[in-house]
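# Examining the three-dimensional arrangement
Below are the chains, spelled out letter by letter.
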Amino acid sequence: MNLDTTYHFVGIKGSGMSALALILHEEGYKVQGSDVAKYFFTQQSLDINNIPTFEFNAENITEGLTIIAGNAFPDTHEEIVRANELGLDVIRYHDFIGNKIVNHTSVAVTGSHGKTTTTGLLSHVVSNIEDTSYLIGDGTGHGVSEADYFVLEACEYRRHFLAYKADYAIITNIDFDHPDYYKSIEDVAEAF
């Protein structure tokens, strides 16, 4: 990771994206992002921490940025297109997380139901014992620059959680979820 760059989040109001932005901000990195104008609850912590947020616009993308692209946005998104034109690093959210956790003892919480609650409880317990960074799927993120531990919610959608090589995994349950992507319960079980 680079303290000399500004991390620009394409889709910063997403629950995982806003949490990651808060983590990087608390660790001392320069952070900004863009999203739609509509207010989302995940925006509250970004505003409290004075993290700059802009409406989507290709002009937001300038030299010297590192782009973290939310998984909801295709490569044809105007800001991602502009970043590629400028030759900037564009890193998908799940890949960025996968790279970030390798320097920690990491615990990934996944499952078809109960991920957010379980991650929240685990984050609370572990962070009261040891310095811990955590990312919860409700938009909650906390970064400790010298933390040994990282607790994260790992979403199974489109098999993005396979980018995480966590030291430990908690699987709350397996159910046939995300039928727009998974073909069957067996397909879901195979991913887990």
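First things first, this report covers the structure right here in the doc. What you see is a predicted model; the values in this text were computed from it and never measured.

### Comments concerning the nonpolar core
- Membership of the largest hydrophobic core comes to 29 residues, with the highest contact counts inside it found for Phe9, Leu20, Leu24 and Leu135.
- Contributions of two or more residues to this core are made by strand 1 (6-10), helix 1 (15-26), helix 4 (93-100), strand 9 (149-153) and helix 6 (185-191).
- When residues of this core are assigned to their parent elements, the largest contribution, 7 residues, is made by helix 1.
- Non-local contacts of Leu135, meaning those with residues more than four positions away in its chain, are made with Gly16, Ala19, Leu20, Ile23, Tyr93, Ile97, Thr119, Thr140, Phe150, Val151, Leu152 and Glu153.
- One finds Val10, Ile61, Ala69 and Ala83 within the second-largest nonpolar core, a separate group that totals 10 residues.

### Some details on the environment of Ile171
- Relative to the elements of secondary structure, Ile171 occurs in strand 10 (residues 168-171).
- Through-space distance from the C-alpha of Ile171 to that of Ala191 is 12 Å; in sequence the pair is 20 residues apart.

### A word on the packing of aromatic side chains
- One pass over the structure, following the stated rule, counts 4 aromatic pairs.
- A centroid spacing of 5.8 Å and a plane angle of 85° characterise the contact between Tyr7 and Tyr29, whose relative ring orientation is edge-to-face. Separated by 22 residues along the polypeptide, Tyr7 in strand 1 and Tyr29 in the loop between helix 1 and strand 2 (30-35) bring together distant segments of the chain.
- When its relative accessible area of 3% is taken as the criterion, Tyr7 is described as buried.
- On the basis of relative accessibility, which here comes to 16%, the residue Tyr29 falls in the buried class.
- Both rings, one in Tyr7 and one in Phe96, keep their centres 5.8 Å apart while their planes meet at 70°; by these two values the pair is edge-to-face.

### Re helix 3 (residues 78-85)
- Residues of helix 3 that are buried include every one of Glu79, Ile80 and Ala83, and no others. On an axial view of helix 3, the arc spanned by its buried residues comes to 100°, and they lie on one face.
- Buried residues in helix 3 make contact with strand 1, strand 2, strand 3 (53-55), strand 4 (65-69) and strand 5 (90-92).
- Immediately beyond the C-terminal end of helix 3, within one or two residues, lies Gly87, with a positive phi of roughly 75°.

### Quick word on the pattern of salt bridges
- Going through the model one piece at a time under the given rule, you end up with 6 salt bridges.
- Between Lys100 and Glu27 there is a salt bridge, with its nearest N and O atoms 2.9 Å apart. In this pair, Lys100 is assigned in helix 4 and Glu27 in the loop between helix 1 and strand 2, connecting sequence segments 73 residues apart. The two residues Lys100 and Glu27 agree in class, both being buried.
- The salt bridge partner of Lys115 is Glu156, with a shortest N-O separation of 3.2 Å. With Lys115 in helix 5 (residues 115-127) and Glu156 in the loop between strand 9 and strand 10, this pair connects stretches of sequence that are 41 residues apart. Per residue, the accessibility class of Lys115 equals that of Glu156, and both read buried.

Here is what the cut-offs are and how they apply
For every chain, the first residue of its written sequence is number 1, and the numbers climb from 1 along that sequence. Local features are withheld for residues below a pLDDT of 70 in this predicted model, meaning they are given only at 70 or higher, and side-chain atom pairs are given and counted only at 80 or more; totals for whole chains, interfaces and linings count all residues. With hydrogens and water excluded, all non-hydrogen atoms of the structure serve as input to the side-chain values. Nonpolar cores were defined as sets of buried Ala, Val, Leu, Ile, Met, Phe, Trp, Tyr and Cys residues, with membership established by side-chain atoms within 4.5 Å. Buried residues are those whose accessible area, probed at 1.4 Å on protein chains only, stays under 20% of the maximum for their type, while exposed residues exceed 50% and partly exposed ones sit between those limits. Numbering of helices and strands runs from the N terminus, with a helix taken as a DSSP run of H or I at least four residues long and a strand as a DSSP run of E at least two residues long. Note on definitions: a residue-residue contact is assigned when non-hydrogen atoms from the two residues lie within 4.5 Å. Any two of the Phe, Tyr and Trp rings considered here, Trp counted by its six-membered ring, make a pair once their centres fall within 6.5 Å; the pair's planes then place it as stacked at under 30 degrees, edge-to-face at over 60, or tilted in between. This arc describes the spread of directions from the helix axis toward the C-beta atoms. When a carboxyl oxygen of Asp or Glu lies within 4 Å of a side-chain nitrogen of Lys or Arg, that pair is called a salt bridge.

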